[in-house]
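# Remarks on the overall topology
The primary structure of each chain is shown beneath.
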Amino acid sequence: MVSENKIGVYICHCGHNIAGVVDVEEVADYAKKLGNVAVTRDYMYMCSEQGRNLIKQDIRQLGINKVVVAACSPRLHEQTFQGVLKESGLNPYLLQIANLREQCSWMHEPGPLVTEKAKRLVSGAIKRVSNHVPTVPQEMPVFPATLVIGGGIAGIQAALEIASSRHIVYLVEREPSIGGHMAQFDKTFPTLDCSACILTPKASEVANNPYIRMLTYSEVVDVSGFAGNFTVKIKRKARYVSEGKCIGCGICQEKCPWTTSSEFDAGLGLRKAIYTPFPQAIPNVPVISPEHCAYFLKGKCRACEKFCEPKAIDFEQQDLYIDLQVGFIIVATGFDVLDPSAMTQYGYGRLPNVFTSMEFERLCSPSGPTGGTIKLADGRQPQSMAIIHCVGSRDKNYNAYCSRVCCMHALKYSHLFKEKTKGDVYQIYIDMRCFGKAYEEFYERVQGEGVTFIRGKAAKVNKSDSADDGEKLIVSCEDTLLGSMVNLPVDMVVLCVALEPRKDTDQLAKLLHLGRSRDGFFLERHPKLDPVSTMSEGIFLAGCCQGPKDIPDSVTQASAAAARALAMIAKGKIDVGAVTASVNENICSGCKVCNALCPYGAIFFDESSKVSRINQVLCKGCNVCGSTCPSGAITTQNFSVSQIMAEIEGVLQYERI
Amino acid sequence: MSEFEPKIVAFLCNWCSYAGADLAGTSRMKCSPNVVSIRLMCSGGLEPAFILKAFKEGADGVLVCGCNLGDCHYVDGNYKTLRRMALLKKMLAQMGIEDERIRLQWVCASCGDDYVEAVDKMTAEIRKLGPLQLRAQLKN
């Protein structure tokens, strides 16, 4: 079998990128002498049409049946050259790339050792490809429904996109209403559109779309299966209000005698024990929070029930679990805002007039606790405000990353404060990052409105001890442009707190087998070329769960995620990866060591034949099982033991020729 | 006899380390050319036999790279590597293979500098140590 190998070796100059450092002709001469090599060619740009034709021609005319391309990283052009083999009628997996550019010529100063390394790499690739066997990735049918987790603007957008193609979408939201953080905002930068006015029409479109099944006050508790065929278990938390009967009249909320602080108003306002988070909630069906309801706590009250005409209140309601079958999952779970209480220097929680950005949003909102009038904790109108940027962002003690939206919402707050109070605004910033469309222009506009910008980091916020200052706060910071310390007496302080991963990101990551990047957000497949998919086939990311984003970016990513799901639905079938492991049943001793090690639960034990088997669709080809199997019964195709062993021989046997 | 040039094989996982090493090249970070890499899907899929094979075939050192702990693309493959390497090192020590000849280094996809540093450090250490003696001893 090995003697039948006719290997073609194609060495790319990549202009001067490779040939400027590596002696390409010498490598080609060397490769010619290696076993099974039928032809060796070098060319200026192997990935060009002409370069690819060289390979095609040799396959056709010389009967080349294995190909080594020594060029750039396989991460860049492996697919390109696999395509060449495919077009020439060869199985695309009879190819091996030797990385002569990224990990050779670009990495070293010129010298004979670099050419030697290139020869080693080529020799390794030749040895490896001799052991390659044709691989045909499996195809599986897909279930044409999609689950969207999270009903913020990203989830809403993704759901609407998919529904517009008349495919079923399940939109799961754990809060009583969809809308997410965007529903809490007053205005959106830089256009100062009313957030509710652009969000609520979309939200009601979700509620009325026949292809969208909205599951609010619900959570994903279990996911099994694989791309194209997931089974998802959803917990529908008891609302104690029948969604079918409630007409949304609101009388229950009016009559409920029990209040607690409103999560939607960031703790600044009050809500009842039976409540909708905000008046425009979708669905407009309240929930009872048992931890605040007198009936659940003390066993009496039931005022809501008495006044509810359609008899929608149901204290006997239980949590309900439902199973859904979906082909694809879009994760749009958003973000949490940092709680700045731990940063005692800023006085949040100690000084009542220090607010977070989310609290300020609610203070500005006409549907907020103050009816849209900016008020201090004691009800006075402030005359001056300091906005402290980067609270918990770009700070190694908290989050190293930039939260991306704070500069812009700080500018928006400045504008709104000026508009509503005519007072003074100080912005204490590290760098102004106004990168989006029309953002810089908005920055200029706010500068023109008389806002004071101080470049530096705020050190502390304290209560003024001078009688002249009244109830003022003193913000101490260094003005790095003036090179001096500044003490600003202001009425209120807004902390631009960081956008952080959801507290329970880890749970969902485990449920969906998603990776997380260093910052804690969900990890995309590729940071530049594939920021929408994940390493789990069929699961896509949208919005801030992948990293801090503004609304346009969240919406864009959501549309992209929907397009990805739809592309696979349209195709109707899904390719299952070509790198998967399988068990040789004649060798497997049935010890089950591999069973528990598989991170995807792809290995199961077949009781009838007493051997382990691997589900090819679930397997991602990491070879953790293969490297653990004491019998050597598991082979991961395209990364098999014989292939890697041959490559090791190849890269080390250079001197022996 | 020319100066001893160490031969080192690096096993890189596809998602973080191989991408990190590529990034080092793309960023034109320079390191010594003594290390030749072999791509695996996951460091957790590295069979200990590969390392023994490399020593047998003439390697003076073996570098194993994986994603940072917690960042594994296969959830926790690198924890499996970590445990396995601890055992393997003990075994190699019994065979007379010095500790410096096998090195585990986490290299994330954006950490080309970590890769370059590990390559240079290991090359320098093994240059000092000299060629692997075990093979010569076995031949005698």
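Just above, that's the structure.
Let me begin by describing the structure that accompanies this report. Bear in mind that the values here come from a model prediction, so they are computed numbers and not experimental data. In this numbering scheme, every chain counts its residues from 1 along its sequence in written order. Each chain takes a letter, starting from A, and each ligand takes a number, starting from 1, following the order in which they are written. Given that the model is predicted, a residue must reach a pLDDT of at least 70 before its local features are reported, and side-chain atom pairs must reach 80 or more before they are shown or counted; all residues, however, enter totals for whole chains, interfaces and linings.

When two helices pack together, you describe them by how their axes are tilted relative to each other and by the distance separating the axes. Residue and element names in this part refer to chain A. Interhelical geometry of helix 5 (residues 112-130) versus helix 18 (residues 641-652) gives an angle of 150 degrees and a closest axis separation of 7 Å. On the basis of the axis angle, helix 5 is roughly antiparallel to helix 18. Here helix 5 and helix 18 pass one another in a crossing that is right-handed. Two secondary-structure elements touch here, helix 5 through Arg120, Leu121, Ser123, Gly124, Ile126, Lys127, Arg128 and Ser130 and helix 18 through Gln643, Ala646, Glu647, Glu649, Gly650 and Val651. In this classification, the charged set is Asp, Glu, Lys and Arg, the nonpolar set is Ala, Val, Leu, Ile, Met, Phe, Trp, Tyr, Cys and Pro, and all remaining amino acids, among them Gly, are polar. Residue composition of the contact of helix 5 with helix 18, by class: four nonpolar, five polar and five charged. Lines fitted to C-alpha atoms define the axes, with helix axes restricted to the stretch in contact, and inter-axis angles between N-to-C directions lie between 0 and 180 degrees. In this description a helix means any DSSP run of H or I spanning at least four residues, a strand means any run of E spanning at least two, and both kinds are numbered starting from the N terminus. Any angle between 65 and 115 degrees counts as roughly perpendicular, while under 35 counts as roughly parallel, over 145 as roughly antiparallel, and the rest as oblique. Take the far helix as the reference: if the near one is turned anticlockwise from it by less than a right angle, the crossing is left-handed, and if turned clockwise, right-handed. Here the contact rule is simple: place C-beta atoms from the backbone, and any two residues whose C-beta atoms are within 7 Å are in contact.

By convention the nonpolar core is taken to be a set of buried residues drawn from Ala, Val, Leu, Ile, Met, Phe, Trp, Tyr and Cys and joined through C-beta atoms within 7 Å. To sort residues by burial, count the other C-beta atoms lying within 10 Å of each one's C-beta; a count of 20 or more means buried, 12 or fewer means exposed, and anything in between means partly exposed. C-beta atoms are built from the backbone. Formed by 236 residues in total, the largest nonpolar core has its most connected members in A:Val68, A:Ala70, A:Ile330 and B:Val9. Beyond its immediate sequence surroundings of up to four residues, B:Val9 is in contact with A:Ile648, A:Val651, A:Leu652, B:Val36, B:Ile38, B:Ala54, B:Ala59 and B:Val62. Of all hydrophobic cores here, the second largest spans 17 residues; its members include A:Tyr240, A:Cys252, A:Ile274 and A:Cys293.

Let us look at the interface of chain A and chain B. Size of an interface: often given as the accessible area lost when the parts come together. Listed as interface residues are 40 residues of chain A and, on the opposing side, 36 residues of chain B. In terms of residues, the side of chain A that touches chain B owes the most to one element, helix 18 of chain A, which gives eight residues. Looking at the side of chain A that touches chain B residue by residue, the class counts come to 18 nonpolar, 12 polar and 10 charged.

Residues and elements named next belong to chain A. If you trace the four strands from one edge of the open sheet to the other, you get 2-1-3-4, paired in parallel fashion. Since the sheet does not close on itself, it has two edges, and those belong to strand 2 (37-43) and strand 4 (95-99), each with one partner. Across the sheet, the axes of successive neighbouring strands diverge by a mean angle of 15 degrees, strand direction being ignored. By the bridge criterion, six bridges tie strand 1 (residues 7-12) to strand 2 in an arrangement that is parallel. In this scheme, strands are said to pair when DSSP sees at least two bridges between them.

A few words now on the pairing of strand 2 (residues 35-40) of chain B. All names here are of chain B. Counting buried positions along strand 2 yields six of six residues, so the element is predominantly enclosed. Both faces of strand 2 are covered, namely the face carrying Val35, Ser37 and Arg39 and the face carrying Val36, Ile38 and Leu40. Bridge count between strand 1 (residues 8-13) and strand 2: six bridges; the pairing is parallel. Each residue of the ladder has a partner; that of valine 9, found in strand 2, is valine 36.

Another aspect to go through is the sheet that holds strand 27 (residues 492-497) of chain A. All names here are of chain A. If you walk across this open sheet you meet the five strands as 20-27-21-22-23, and the pairing is parallel. Whereas interior strands pair on both sides, the edge strands pair on one side only; in this sheet they are strand 20 (354-356) and strand 23 (452-455). Taking each pair of neighbouring strands and ignoring which way they run, the sheet shows an average axis angle of 20 degrees. Where strand 22 (residues 424-429) meets strand 23, four bridges bridge the pair, whose relative direction is parallel. Counted as the bridge partner of isoleucine 428 is isoleucine 454 from strand 23. Sheet strands in contact with helix 12 (residues 406-421) are strand 21 (384-391), strand 22 and strand 27, and its direction is about 175 degrees off that of strand 21.

This is a description of form; function is not addressed.
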